[in-house]
Amino acid sequence: MELLRDKLAQKKFVVTVEVEPPKGADPWQVYERIRPLVNYVDGVNIADCPMAKMRMSPIALACLVQKELNLETIFHLTCRDRNVIGLQSELLGAYALGVRNILTLTGDKPVQGDHPQATGIFEVDSLGLAQLAYNLNQGRDLMGNSLDRPTDFFIGGVANTTAEDLGKEIAKIEKKVASGVKFFQTQPIFDLKQLEKFLQALPKIDAYFIFGLMPLKSAKLANYLNNNVPGIHVPEKLIDRLQVKGREAGFEIAQELFTEMKKMVHGVHIFPMGDIDLVTALLKEKEFNGRSSNIS
């Protein structure tokens, strides 16, 4: 299995897709959702109790997906549920299970989820978590104690392309890179001009950027995202198209964005929003236009 980090280093355009773990002990439903995408994606992100809703461990599921489908995974890890001892322990366990890609996240507050009475830990934020993973890669724990064996995580973080203060956002990105982050994933992009503005503001950084892509099913979904999800903006002209043609327009918009983004960035990260069929159709239609082709 060619690793995601190696594909990016070779300047190959990559595609990742995000899935939620099940609310239960059976992983098979996730396998069946992912299986149609195996020949079309380079990796699968496994969320960590997204929106603070209790789900199966992303590390356990990531390990199972790699074994069952021979498809590389990126497990999310948040700072919500564990102190620094627990976070380091989880990381060592993940590495022992063969799960080597991590997306470091601060995490949603428990009050937003299905266990609102739960206590959020947040002993560190995503920057601190990246530093923990980096320390383990260097063969030491947070206190400087030596490990019997170091890890070799490919550490990821998130970036906000729609930040009002791009200078402040770039400064955050640079701090994350200094803390060991080697790749970034973003929320969905719907405005290519906004993406161009972000890329122009981005200095030369030793990290890869995989930008979000979300096939929209309806104008209702687009309006919901605009009103409720920070960091996402769907332009009115796209909403107008969705009003007229619905899911068909969403598919066409995703095709257009995919084609243009492939010319500009290291890769795309697809949010299925529960519609794997739409994602599968998109990727089959595109056939990646030679998905292994290099970008400049």
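In this report, we go over the structure that sits alongside the text. From a predicted model like this one, the values you see are computed outputs, not experimental measurements. (Residues numbered from 1 in each chain as written. Predicted model: local features only at pLDDT ≥ 70, side-chain atom pairs only at ≥ 80, totals over all residues. Heavy atoms only, no water.)

Quick notes on the overall build of the protein chain
- Across its full length, the protein chain carries eleven helices and eight strands.
- In summary, the protein chain has a C-alpha radius of gyration of 19 Å against a globular reference of 19 Å for 296 residues, a match within 12%.
- Along the first, second and third principal axes, the C-alpha atoms of the protein chain reach 60 × 45 × 40 Å.
- Here the protein chain, with 296 residues, has 50% of them falling under the buried criterion.
- Within the protein chain, counting contacts between residues at least 6 apart in sequence, those at least 24 apart form 78% of the total.
- As presented, the protein chain carries roughly 13800 Å² of accessible surface, and 49% of it is formed by carbon and sulfur atoms.
- A distance of 1 Å separates the average location of the 35 positive side-chain charges in the protein chain from that of its 36 negative side-chain charges. (Helix = DSSP H or I, 4+ residues; strand = E, 2+ residues; numbered from the N terminus. Rg over C-alpha atoms; globule rule 2.2 N^0.38 Å. Buried < 20%, exposed > 50% of the residue type's maximum accessible area, 1.4 Å probe, protein only. Contact = heavy atoms within 4.5 Å. Areas by Shrake-Rupley, 256 points an atom, 1.4 Å probe, with all protein chains shown as cover. Lys, Arg positive; Asp, Glu negative; His and termini not counted. Charge placed at Lys NZ, Arg CZ, Asp CG, Glu CD.)

A closer look at unusual backbone geometry
- Notably, Lys11 is not glycine yet its phi reads approximately 60°, a positive angle.
- As for its placement among the helices and strands, Lys11 is situated in the loop between helix H1 (4–9) and strand S1 (14–19).
- Using a relative accessible area of 46% as the deciding quantity, one classes Lys11 as partly exposed.
- At Asn70, a position not held by glycine, the phi torsion is positive, near 55°.
- By the element assignment, Asn70 lies in the loop between helix H3 (58–69) and strand S3 (73–78).
- Judged by relative accessible area, which is 54%, Asn70 ranks as exposed.

Considering the sheet that holds strand S2 (residues 43–46)
- Spatial strand order, S1-S2-S3-S4-S5-S6-S7-S8: eight strands in a closed barrel with parallel pairing. Geometrically, the sheet is characterised by an average inter-axis angle of 30° between neighbouring strands, direction not taken into account.
- Of the pairings in the sheet, the one linking strand S4 (residues 101–105) to strand S5 (residues 154–159) comprises three bridges and is parallel in character. Directly across from Asn101, in S5, lies its bridge partner Phe154.
- Contacts from H3 reach S2 and S3 within the one sheet, and its direction differs from that of S3 by about 175°.
- Against the sheet, helix H4 (residues 84–96) contacts S3 and S4, and its axis sits at roughly 170° relative to S3. (Pairing = 2+ DSSP bridges. Axes fitted to C-alpha atoms, helices over the stretch in contact; angles between N-to-C directions.)

Focus on the state of the cysteines
- Here the structure, examined in full by the defined rule, presents zero disulfides.
- Note on Cys49: no disulfide assigned, nearest cysteine sulfur contributed by Cys79 at a separation of 14 Å. (Disulfide = S-S within 2.5 Å.)

Side note on the nonpolar core
- The biggest cluster of nonpolar side chains holds 77 residues, and the ones touching the most others in it are Phe75, Leu91, Ile173, Leu216 and Met261.
- In this view, Met261 contacts Phe13, Ile189, Leu192, Leu195, Phe211, Gly212, Leu213 and Val268; residues no more than four positions away in its chain are not counted.
- Leu4, Val14, Ile74 and Leu103 belong to the second-largest nonpolar core, a separate cluster that totals nine residues. (Core = buried A, V, L, I, M, F, W, Y, C linked by side-chain atoms within 4.5 Å.)

Considerations on the packing of helix H8 (residues 219–228) against helix H9 (residues 236–245)
- Between H8 and H9, the shortest axis-to-axis distance is 8 Å and the interhelical angle comes to 150°. Between H8 and H9, the angle is such that the two are roughly antiparallel. Residues Ala219, Ala222, Asn223 and Asn226 of H8 touch H9, and the partners they reach there are Ile239, Leu242 and Gln243. (Parallel < 35°, antiparallel > 145°, perpendicular 65-115°, else oblique.)

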